[in-house]
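One-letter residues, chain by chain:
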Amino acid sequence: MSFISLGLSPSLLKALSSQNYTYPYPIQEQAIPAILSGKDVLGIAKTGSGKTASFVLPILMNQQRTVASKNRHVNVLVLVPTRELAAQVSEVFHLFASYLTERIKILAIYGGVSINPQMMDLQGVNILVATPGRLLELVESNAVKLSEIQTLVLDEADKMLNLGFKAEMDRIFALLPKKRQNLLFSATLSDDVNNINQILLHDPLVIKTEVETNNIDLINQLAYFVADEKKGPLLRYLIKNNNLKQVLVFTSSVYKADNVAIKLFRNGIEATAIHSDKSQKARTDALKNFKSGKLQVLVTTDLLARGIDIEFLPCVINYELPRSPKDYIHRIGRTGRAESSGEAISFVSPEERQHFKVIQKKMGKVVTMIDSEGLDLKGY
Ligand code: AMP
């Protein structure tokens, strides 16, 4: 199948070929025509499967045919759970919109940065990409109106619809018009969310590109049995001995992320930590440097587990396991994206062994285990 048959405009087809998108990924094949025709969509697609373009392209197409929004009303609202994802999704919108002759205004708004420029920028916006908290702040100051939203997108929908965001999401839903197109995308879907989807969506096209557990076939998974106090030396050993150039390391707390990064740095490895306690500027700069290959190791919490696209990221390391098996899948899904392969290494302490068994069971895959006792970690 080619993009031509999906009903996209010549300018978007040109954009696709300039970006080396030669054929549509499965989620795009199904979602693009459905979204163009105004249908609701529930897309369950593995991380890295191209779900962003599957809504960005048809939304831009539909906006080409729509009159610009007025008086601080926006036409399309895309809600995402993190600031980094807001920036990333709006970049994809900007990239493809730059090939269009019509002017479509796209704006990303999120917390942690000054609100004033966002207020000023909210005039005549077609497509708004937002995190819920900052969106509500801007609604309260009358900087944006949501009553004429034509299309609502929830990216990482299961995260957006779980308890942590519930109060904010309920307030946002109450501000939206009843009649609208709803698009929900997620790499994982819990039963809770399934119920909410039934309330939110109207006769949706349900797209499941693959069974969740088969999604991770491109990722080569490996785990080391290692005592807690040896995790630091093991990490440095693996980075140095395997000459790892771009490594994303996950820890389970902000404190640990800082600690791991500092120790790497002291051992001559370029590393920075990003997490919720860092300023937005520090977060943005570190992610940018990491994406461009300038920064060798980025240490983070589950803040970056979802949605973040780092082209050809070769290696993810779980310094500590996440509590939820689902988060394990999200974390390792930062590698093995866009049909390239990747490596995910997990450090499993004696206390974590049982939990790692549960993760493997939930994932439906057995991970090769190596005992770190056999490695000479002296000097690392
Ligand atoms: P996503 O799952 O939306 O984060 O996309 C993952 C990566 O796949 C991004 O780097 C996209 O640029 C890339 N991508 C998406 N669709 C295609 C396509 N049809 N052909 C080539 N690359 C794509």
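Keep in mind it's a predicted model, so treat the numbers as computed, not measured.

1. A short note on the overall build of the protein
Phase 1 of the analysis: If you tally the helices and strands in the protein, you get 14 helices and 14 strands.
Phase 2 of the analysis: The C-alpha radius of gyration computed for the protein amounts to 21 Å, which stays within 12% of the reference 21 Å derived for 380 residues, consistent with globular compactness.
Phase 3 of the analysis: Oriented by its inertia axes, the alpha-carbon framework of the protein measures out at about 65 × 45 × 40 Å.
Phase 4 of the analysis: Burial statistics for the protein: of 380 residues in total, 55% are counted as buried.
Phase 5 of the analysis: Once local pairs closer than 6 in sequence are excluded, the contacts in the protein between residues at least 24 apart make up 75%.
Phase 6 of the analysis: For the protein, the centre of its 45 positive side-chain charges and the centre of its 38 negative side-chain charges are spaced 3 Å apart.

2. So, the domain arrangement of the protein
Phase 1 of the analysis: Split into domains, the protein comes out as domain 1 (3-209) and domain 2 (213-374).
Phase 2 of the analysis: One C-alpha centre belongs to domain 1, the other to domain 2, and the line joining them spans 29 Å.
Phase 3 of the analysis: Of the residues lining the interface, 21 residues belong to domain 1; the matching set on domain 2 comes to 19 residues.
Phase 4 of the analysis: When domain 1 packs against domain 2, the two sides together hide about 1,800 Å² of surface, and 47% of this comes from carbon and sulfur.
Phase 5 of the analysis: Summed over the shared surface of domain 1 and domain 2, the number is 2 salt bridges.
Phase 6 of the analysis: At the boundary of domain 1 and domain 2, one finds 3 residue pairs in polar contact (both at pLDDT 80 or more).
Phase 7 of the analysis: Every element with two or more residues in the side of domain 1 that touches domain 2 is listed here: helix 4 (83-97) and helix 7 (157-160).
Phase 8 of the analysis: A per-element tally of the side of domain 1 that touches domain 2 places helix 4 first, with 4 residues.
Phase 9 of the analysis: Taken together, the residues of the side of domain 1 that touches domain 2 sort by class into 7 nonpolar, 8 polar and 6 charged.

3. Thoughts on the pairing of strand 5 (residues 151-154)
Phase 1 of the analysis: Burial along strand 5 is two-sided: the face carrying Thr-151 and Val-153 and the face carrying Leu-152 and Leu-154 are both buried.
Phase 2 of the analysis: For strand 2 (residues 76-79) and strand 5, the ladder comprises 4 bridges, and the chain directions are parallel. Across the sheet, Val-78 pairs through a bridge with Val-153, a residue of strand 5.
Phase 3 of the analysis: When strand 5 meets strand 6 (residues 181-186), the two strands line up parallel, connected through 4 bridges. Among the inter-strand pairings, Thr-151 is bridged to a residue of strand 6, identified as Gln-181.

4. With respect to the environment of Leu-234
Phase 1 of the analysis: Topologically, Leu-234 is positioned in helix 10 (residues 231-241).
Phase 2 of the analysis: We classify Leu-234 as buried; its relative accessible area is 0%.
Phase 3 of the analysis: For Leu-234 and Tyr-224, which are 10 residues apart along the polypeptide, the C-alpha to C-alpha distance reads 9.0 Å.
Phase 4 of the analysis: Once residues within four sequence positions are removed from consideration, Leu-234 is found in contact with Tyr-224, Val-226, Phe-347, Ser-372, Leu-375 and Leu-377.

5. What to know about the packing of aromatic side chains
Phase 1 of the analysis: All told, the structure shown has 7 aromatic pairs when counted by the stated rule.
Phase 2 of the analysis: For the ring pair Phe-55 and Phe-93, a centre distance of 6.2 Å and an interplane angle of 55° mean the geometry is tilted. Residue Phe-55 is located in helix 3 (residues 51-64), and its partner Phe-93 is located in helix 4; the two are separated by 38 residues in the primary sequence. For the pair shown, Phe-55 and Phe-93 are each scored as buried.
Phase 3 of the analysis: These aromatic residues form a ring-pair network of at least three members: Phe-55, Phe-93 and Phe-185.

6. Re the pattern of salt bridges
Phase 1 of the analysis: Counting across every chain of the model gives 12 salt bridges.
Phase 2 of the analysis: Arg-134 serves as the salt-bridge partner of Glu-137, at 3.4 Å between the closest nitrogen and oxygen. Here Glu-137 and its partner Arg-134 are both found in helix 6 (residues 132-140), 3 residues apart, which amounts to about one turn of the helix.
Phase 3 of the analysis: Arg-134 sits in the buried class, given a relative accessible area of 8%.
Phase 4 of the analysis: In this structure, Arg-171 engages Glu-140 in a salt bridge whose closest nitrogen and oxygen atoms are separated by 2.4 Å. Taken as a pair, Arg-171 in helix 8 (residues 163-175) and Glu-140 in helix 6 lie far apart in primary sequence, 31 residues in all.

7. Quick look at the environment of Leu-146
Phase 1 of the analysis: Along the chain, Leu-146 falls in the loop between helix 6 and strand 5.
Phase 2 of the analysis: Not counting chain neighbours up to four residues away, the residues in contact with Leu-146 comprise Val-74, Leu-77, Leu-135, Val-139, Ile-172, Leu-175, Leu-176 and Pro-177.

8. Things to note about the side chain of Thr-151
Phase 1 of the analysis: Residue placement: Thr-151 occurs in strand 5.
Phase 2 of the analysis: Side chain to side chain, Thr-151 and Gln-181 meet in a polar contact 3.1 Å long.
Phase 3 of the analysis: If sequence neighbours within four positions are ignored, Thr-151 has contacts with Ile-59, Asn-75, Val-76, Leu-77, Gln-181 and Leu-183.

9. Digging into the confidence of the model for the protein
Phase 1 of the analysis: Averaged over the protein, the pLDDT score is 89; the fraction of residues at 70 or greater is 94%.
Phase 2 of the analysis: For the protein, helix 9 (residues 191-200) is the element with the lowest average pLDDT, namely 68, and strand 2 is the one with the highest, namely 98.

Scoring rules and cut-offs
Within each chain, residue numbers correspond to sequence positions counted from 1 in written order. Per-residue local features are limited, in this predicted model, to residues with pLDDT of at least 70; the limit for side-chain atom pairs, both in listing and counting, is 80 or more; totals at the level of whole chains, interfaces and linings are taken over all residues. Note: side-chain values were computed over all heavy atoms of the structure, leaving out hydrogens and water. Comment: elements are numbered from the N terminus, with helices defined as DSSP H or I runs of at least four residues and strands as E runs of at least two. With the radius of gyration taken over C-alpha atoms, the globule rule is written as 2.2 Å times the number of residues to the power 0.38. Burial classes follow relative accessibility: with a 1.4 Å probe on protein chains only, a residue under 20% of its type's maximum area counts as buried, one over 50% as exposed, and anything between as partly exposed. Any pair of residues with heavy atoms lying within 4.5 Å of one another is described as a contacting pair. When charges are tallied, Lys and Arg are placed among the positive residues and Asp and Glu among the negative ones, while His and the ends of the chain are skipped. In this description, the location of a charge corresponds to atom NZ of lysine, CZ of arginine, CG of aspartate or CD of glutamate. Where each domain starts and ends comes from a domain assignment, either automatic or drawn from a database. Accessible surface is computed with a 1.4 Å probe, and the buried area is the amount of it that two parts give up when combined, taken over both parts together. Should a side-chain nitrogen of Lys or Arg be within 4 Å of a carboxyl oxygen of Asp or Glu, the pair is scored as a salt bridge. Polar contact criterion, stated in full: a pair of N or O atoms within 3.5 Å, where within protein one must be able to donate a hydrogen and the other to accept it, and residues adjacent in sequence count only if both atoms are side-chain atoms. Only Asp, Glu, Lys and Arg are considered charged in this grouping, and only Ala, Val, Leu, Ile, Met, Phe, Trp, Tyr, Cys and Pro are considered nonpolar; every other residue, Gly among them, is considered polar. Pairing between strands requires that DSSP locate at least two bridges from one strand to the other. Side-chain rings of Phe, Tyr and Trp, where Trp is taken by its six-membered ring, are said to pair if the distance between their centres is within 6.5 Å; with planes under 30 degrees apart they count as stacked, over 60 as edge-to-face, and otherwise as tilted. pLDDT expresses, on a scale from 0 to 100, how confident the predictor is about each individual residue.

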